[in-house]
Amino acid sequence: MKINVHGGHNKLTPGAHNLLDELTEDRKVKAKVINLLRVAGHTVYDCTDDKGKTEDDNLVNIVKKCNAHEVNVDASIHLNCGRNDKKGDGNTGGVEVIIYDKSASSPVAAAERVAANISKALGIRNRGVKVNPNLYALRYTNAPAMLIECCFVDDPDDVAIYNADRMAAAIVAGITGQAAETTADAARLAAM
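Residue numbers here run from 1 along each chain, matching the order of that chain's written sequence. Local features in this predicted model are restricted to residues of pLDDT 70 or higher, and side-chain atom pairs are both shown and tallied only at a pLDDT of 80 or more, whereas totals for entire chains, interfaces and linings draw on every residue. To obtain the side-chain values, all non-hydrogen atoms of the structure were included, while hydrogens and water were left out.

Under the DSSP-based scheme used, a helix requires at least four consecutive residues in state H or I and a strand at least two consecutive residues in state E, with every element numbered from the N terminus. Scanning the protein from N- to C-terminus turns up 7 helices and 6 strands. Ordered by position from the N terminus, the helices and strands of the protein form the series β-α-β-α-β-β-α-β-α-β-α-α-α. Values of the radius of gyration come from C-alpha atoms, whereas the globule rule sets the reference at 2.2 Å times the count of residues to the power 0.38. The C-alpha radius of gyration of the protein comes to 15 Å, within 12% of the 16 Å expected for a compact globule of 192 residues. Relative accessibility under 20% of the residue-type maximum defines a buried residue, over 50% an exposed one, and the middle range a partly exposed one, all with a 1.4 Å probe and only protein chains included. Per-residue burial over the protein gives 49% buried out of 192 residues. Here the protein displays about 9000 Å² of accessible surface, and carbon together with sulfur accounts for 49% of that area. The charged-residue count follows a simple rule in which Lys and Arg add positive charge and Asp and Glu add negative charge, with His and chain termini not counted at all. Just so you know, the charge point we use is NZ for Lys, CZ for Arg, CG for Asp and CD for Glu. Of the charged side chains in the protein, 23 are positive and 25 negative, and the gap between their average positions amounts to 2 Å. Accessible surface is estimated by sampling points in the Shrake-Rupley manner with a 1.4 Å probe; for residues, cover comes only from the protein chains shown.

Structure follows, in structure tokens:
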């Protein structure tokens, strides 16, 4: 497979920050996803933008980088916010994957696998696959795209079980359709 991967936001437009920092964590997950995909023999392009001075510039730069490659899928790594669960209520906010639509060319099956795999790997709530045709990165990339909201930065229950390694392995297994165990084995080999 050929895959574009990018972390959301940049230092000038940093995204969500609370108990976790979205920019820091999406970069960790993105780097691990890219490494695992490459170890498994896939061609991967890092389309992360660190130069855009505004949110709009950042998104335009990401889409330009993505559209410079002919790939099977684009994967945008993010962390969510909005739970405002300051003390922890015993329920995780969870993972969700957003896609442009559910047409035949959309990565619906891969998005469903990513959400299910993350939910299972971390024991986090599966908020499922959602459609949003208004998100710039989903609307303007040439290849089918998914935006992965790994967990909530402002939910102590999510933060307590967050793990970048397991998150990345679950994402890779979902994108490629491989068993999560195969992806985890690839991670161990890459670390040797």
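Once you've had a look at it, read on.
Let's shift gears to the sheet that holds strand β2 (residues 43-46). Strand order in the open sheet formed by 6 strands is β2-β1-β3-β6-β4-β5, with mixed pairing between adjacent strands. Across the chains shown, the open sheet's two edge strands, defined by having one partner strand only, are β2 and β5 (126-131). For this sheet, the mean inter-axis angle between neighbouring strands, taken without regard to orientation, is 20°. In this analysis, strands are considered paired if DSSP registers two or more bridges between them. Looking at chain direction, strand β1 (residues 2-7) and strand β3 (residues 73-80) are connected through 5 bridges and run parallel. Counterpart to N4 in the pairing with β3 is D74. Contacts from helix α6 (residues 164-176) reach β1, β3 and β6 (145-152) within the one sheet, and its direction differs from that of β6 by about 155°. All axes are obtained by fitting lines to C-alpha atoms, using only the stretch in contact for helices, and the reported angles, taken between N-to-C directions, cover 0 to 180 degrees. Pairs of residues are marked as contacts when any of their non-hydrogen atoms sit within 4.5 Å.

Salt bridges are defined by distance alone: a side-chain nitrogen of Lys or Arg within 4 Å of a carboxyl oxygen of Asp or Glu. Applying the stated criterion across every chain yields a total of 10 salt bridges. Ionic pairing is found between R83 and D89, a salt bridge with its closest N-O pair at 3.2 Å. Judged by its relative accessible area of 25%, R83 falls in the partly exposed class. What makes D89 partly exposed here is its relative accessible area of 42%. The partner of D155 in a salt bridge is R83, and the shortest N-O contact between them spans 2.7 Å. Highlighted residues: D155 in the loop between β6 and α5 (156-161) and R83 in the loop between β3 and β4 (95-99), separated in sequence by 72 residues. One network of salt bridges, in which partners are shared, links R83, D85, D89 and D155.

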